[in-house]
Amino acid sequence: MASTHVPSERTSSVPPGRLIVMLGLLSILGPLTIDLYLPAFPQIENELATTPFAVQLTLSGATLGFALGQLVVGPWSDSIGRRLPLLIGTGVHVAASVAIAASPDIEWLIVLRVLQGAGSSGAGVVAMAMIRDVAEGSSLIKGLARVALFSGTAPIVAPFLGAQLMHLFSWRGIFVVVAAYGGVVLVLAAAFIPETLSPERRLGGRGRGRVLRSYRLLLRDRSFVGVALVGGMMVSSVFAYLSTSSFMFQQAFGLAPQTYGLISGINGLMFVVGTQVSAALAVRQGPHRVLAMILLGMVLIPAALILLSWVWPGLAGVVIAMALFLLLAGGCGPCLSALGLAEHGERAGTAAALLGAANFGLAGVASPVVGLLGVTSFAPLGAVMAAAMLLANLAFWFMIAPRRRRPGGQALDR
């Protein structure tokens, strides 16, 4: 059984390898919940006699549940420690996954997906907070990037694995697999993950006032709010693609689920490469500078996607454009997490929760927008993504960049 806590002081070294591995395995829960069933969207539509828009709402439900759950789990973990919220949340996720496999209709599926997303929020928010508990500065960037290596690998494996599982099971069986994975990591977490927030560093108190004060302090930090907005716009653009791609590639381009899984795997690989390259550059150049370059590319690529839908509407152009976009999207993660958590170590759980809620809350709203606009071409997708990333660039230059020019604002920069 794991010891109940690790030393309270944050060290300058990279977080321990066993902690990174365990948090990485837990961080896979979210992407696995989202990506594993994407190849089954058309099958869900047919079996439950529903519409593509309603199926897309199951993705929105999970992301909104993830966002709302983090707003509870984050402050809770700052008050009582990390382990208990982590274990309870993961248990809820497992139970919801089993119930989803027995859903009688699309309405129940949407509701249970909200609960499933809320359960997985424990793993998402606590993993970030635990890294902040034990690391800071460049070590924080490296630790976040190593956890991102796991969460970024999931999009490589999940769609391809989901497509293969469809040879053996229906979409219901896919959620049984998700439940089984959740159960395994729950047992491992209970056995091997230590408590990283010692009693003297906990905020204590259970009143609503303390939680509201923590959120109020964060929302008064202009730079932090900017980081949350940039992350929300970035994740929204990625989820707009995820909610559209299964229908688009399989119905408009006539691809088999397995081929769609292969394309998703390439995109996931690009995302992973982006996280690791970005982290290495951020340690040397500073996250502000790296993020500025990434965001510029992320507004230009969707604009090119709109143009491609008119002048080169074939499959190759779309695959190349989205691979490049997801390379840059992966690069955003370590920079944004480091900037958001750097100055809020004393309330890392609440800060991670607010960042995650902004990311997935906005994504949950944005993902069905493309469906409402129509999925007959990638032009609506490009328009939604370009608009989101334009807003992200504005938030960066008007809210985050000014902080770097103020005294003390270059703590993470070289």
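Residues numbered from 1 in each chain as written. Predicted model: local features only at pLDDT ≥ 70, side-chain atom pairs only at ≥ 80, totals over all residues. Heavy atoms only, no water.

1. Quick word on the nonpolar core
- The biggest cluster of nonpolar side chains holds 120 residues, and the ones touching the most others in it are Tyr241 and Phe249.
- Dropping the residues within four chain positions of it, Tyr241 is found in contact with Phe249, Ile263, Asn267, Met322, Leu326, Phe378 and Leu381. (Core = buried A, V, L, I, M, F, W, Y, C linked by side-chain atoms within 4.5 Å. Buried < 20%, exposed > 50% of the residue type's maximum accessible area, 1.4 Å probe, protein only. Contact = heavy atoms within 4.5 Å.)

2. Regarding the environment of Gly61
- Looking at the element boundaries, Gly61 is found in helix H4 (residues 52-80).
- Classification of Gly61 by relative accessible area gives buried; the value is 4%.
- Sequence separation of Gly61 and Ala118 is 57 residues, and the distance between their C-alpha atoms is 9.5 Å.
- Not counting the four nearest positions on each side in its chain, Gly61 is found in contact with Arg113 and Val114. (Helix = DSSP H or I, 4+ residues; strand = E, 2+ residues; numbered from the N terminus.)

3. Regarding the environment of Leu300
- Inspection of the secondary structure puts Leu300 in helix H12 (residues 287-311).
- Separated by 85 residues in the primary sequence, Leu300 and Met385 have C-alpha atoms spaced 9.9 Å apart.

4. A word on a nonpolar patch on the surface
- A contiguous nonpolar patch, built from Leu307, Trp310, Val311, Trp312, Ile320 and Leu324 and spanning about 680 Å² of accessible area, is present on the exposed surface.
- Looking at the nonpolar patch, the elements that each hand over two or more residues are H12 and helix H13 (315-341).
- Among the elements that make up the nonpolar patch, the one with the highest residue count is H12 (three residues). (Patch = residues over 30% accessible without salt bridge, like charges linked within 9 Å, V, L, I, M, F, W, Y side chains within 5 Å. Areas by Shrake-Rupley, 256 points an atom, 1.4 Å probe, with all protein chains shown as cover. Salt bridge = Lys/Arg side-chain N within 4 Å of Asp/Glu carboxyl O.)

5. Some details on the packing of aromatic side chains
- Scanning the entire structure with this criterion turns up six aromatic pairs.
- Relative to Phe41, the ring of Tyr37 has its centre 5.0 Å away and its plane inclined at 75 degrees; by these criteria the two rings are edge-to-face. Across the pair, exposure class does not vary: Tyr37 and Phe41 are buried alike.
- Members of the aromatic cluster, each reached through a chain of ring pairs, are Tyr37, Phe41, Trp171 and Phe175.
- Sitting above the plane of the Tyr37 ring, Arg113 keeps its charged end 4.3 Å from the centroid. (Phe/Tyr/Trp six-rings, centres within 6.5 Å; stacked < 30°, edge-to-face > 60°. Lys NZ or Arg CZ within 6 Å of the ring centre and 35° of its normal.)

6. Observations concerning the packing of helix H11 (residues 257-285) against H12
- For the pair H11 and H12, interaxial distance at closest approach is 7 Å and the crossing angle is 130 degrees. By the angle between their directions, the pair H11 and H12 is classed as oblique. For the pair H11 and H12, the contacting residues are Ser278, Leu281, Ala282 and Gln285 in the first and Pro287, Arg289, Val290 and Ile294 in the second.
- A per-class count over the contact of H11 with H12 returns five nonpolar, two polar and one charged. (Axes fitted to C-alpha atoms, helices over the stretch in contact; angles between N-to-C directions. Parallel < 35°, antiparallel > 145°, perpendicular 65-115°, else oblique. Nonpolar A, V, L, I, M, F, W, Y, C, P; charged D, E, K, R; others polar.)

7. Let's talk about the confidence of the model for the protein
- In this model, the protein carries an average pLDDT of 83, and 88% of its residues clear a pLDDT of 70 or more.
- Here helix H15 (residues 369-373) is the element of the protein with the lowest mean pLDDT, 65, and helix H5 (residues 83-101) is the one with the highest, 94.
- For residues 1-12, every residue scores under 50 in pLDDT, and the model assigns this stretch 32 contacts once sequence neighbours within four places are set aside.
- Confidence over residues 405-411 falls short of pLDDT 50; this stretch has five contacts with residues more than four positions distant or in other chains. (pLDDT = per-residue confidence, 0-100.)

8. Some words on the packing of helix H10 (residues 222-252) against H11
- Packing of H10 against H11 brings their axes to within 9 Å, and their N-to-C directions diverge by 140 degrees. Seen along the crossing, H10 lies across H11 with a hand that is right-handed. Here Tyr241, Leu242, Ser245, Ser246, Phe249 and Gln250 of H10 lie close against H11, whose contacting residues are Pro257, Tyr260, Ile263 and Asn267.
- Considered class by class, the residues forming the contact of H10 with H11 number six nonpolar, four polar and no charged. (Left-handed = near helix turned anticlockwise from the far one by under 90°.)

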